[in-house]
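What follows is the residue order along each chain.
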Amino acid sequence: MELEIVRKTNKNLDIDLSKEKQAFDKIVVNVIDKGTDYILKAMPIQENVKDILLDIKKSFKTKDFTKIVQTAVTSSIREGLEILGTPINVIKDINKIKEVAFKGGLRQALVASIDIFTNKYLKGNILGDVIAKFTNETKDFINSKRFSLKIDDDIRKVDLKQEKFKILCSEWYKAYDKMDLPTLNNIAKEISSKQKTSIVNSDIMKASKIILNMTEFVNNKKDKLSLTQLDVCKSL
């Protein structure tokens, strides 16, 4: 009964709207792209043949491939949540998304995606053997430990950005406590400019919105906010 509730909860929530999930999608695409760089450099082939493989590699950065990866990640997360018996709303950060997706068969889903996406390049191509080798080595990379390590490396970079952003928010509140309006406004501008590139956590996004709302109120009032005004900033 409990697992059935989890399944219904997961089905009703849109995973793809999560900023954490969107950031993880980008990491997966980028890691596959970097992996194919190494594969191409290591393949002993002529330049004219390498050009054909480069075209395939470039296709891994297109919207079509990105959508396939997004679907693979989404299905893996849903599967992982059901295996773990965990509702989607407990996923609060990108590390948890990675854990759940791998548990739900992310590697297998990505390998299947590579097969589907590259099949069009194999049909009737005189260089089919070379393309198949490139495709197989890409799939081997996805199944390797190096793939998960590269994912972890990119997640650590995201975590570092998040921590720096949290510090920035903390500095804003220090300026607010002192009612140092010039510093407060400068930090608010930095928070606003970094939202799109630094925030991949729903809780931090909410906190940054509150800060920007508070900044607008403070500049109008030229003083600290009342409890009612704080509640308004939190609800906007």
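Residues numbered from 1 in each chain as written. Predicted model: local features only at pLDDT ≥ 70, side-chain atom pairs only at ≥ 80, totals over all residues. Heavy atoms only, no water.

Things to note about helix α6 (residues 106–122)
With 17 residues, α6 extends 24 Å from end C-alpha to end C-alpha; this agrees with the ideal 24 Å at 1.5 Å per step. Where α6 bends most, the angle comes to about 25°, and this point is Ile116. Considered for burial, the residues of α6 that qualify are Leu106, Arg107, Ala109, Leu110, Val111, Ser113, Ile114, Phe117 and Thr118. Among the structural elements, α2 (19–42), α3 (47–59), α4 (63–84), α5 (94–103), α7 (128–142) and α8 (145–178) are those in contact with the buried residues of α6. (Helix = DSSP H or I, 4+ residues; strand = E, 2+ residues; numbered from the N terminus. Expected span 1.5 Å × (residues − 1). Bend = angle between axes of the 7 residues up to and from the residue. Buried < 20%, exposed > 50% of the residue type's maximum accessible area, 1.4 Å probe, protein only. Contact = heavy atoms within 4.5 Å.)

Quick look at the confidence of the model for the protein chain
For the protein chain, mean pLDDT is 86; residues scoring 70 or higher make up 90% of the total. Taking the mean pLDDT of every element in the protein chain, the minimum, 39, falls on helix α1 (residues 2–12) and the maximum, 94, on α8. Counting interchain partners and residues more than four positions distant, the pLDDT-below-50 stretch residues 1–13 has 19 contacts. (pLDDT = per-residue confidence, 0-100.)

Looking at the packing of aromatic side chains
Throughout the structure, instances matching the rule amount to eight aromatic pairs. Arranged with centres 6.5 Å apart and planes meeting at 10°, the rings of Phe60 and Phe134 form a pair that is stacked. Placement of the pair is Phe60 in the loop between α3 and α4 and Phe134 in helix α7, with a sequence separation of 74 residues. Look at Trp172 and Tyr176: their rings are 5.4 Å apart centre to centre, the planes differ by 10°, and that puts the pair in the stacked class. (Phe/Tyr/Trp six-rings, centres within 6.5 Å; stacked < 30°, edge-to-face > 60°.)

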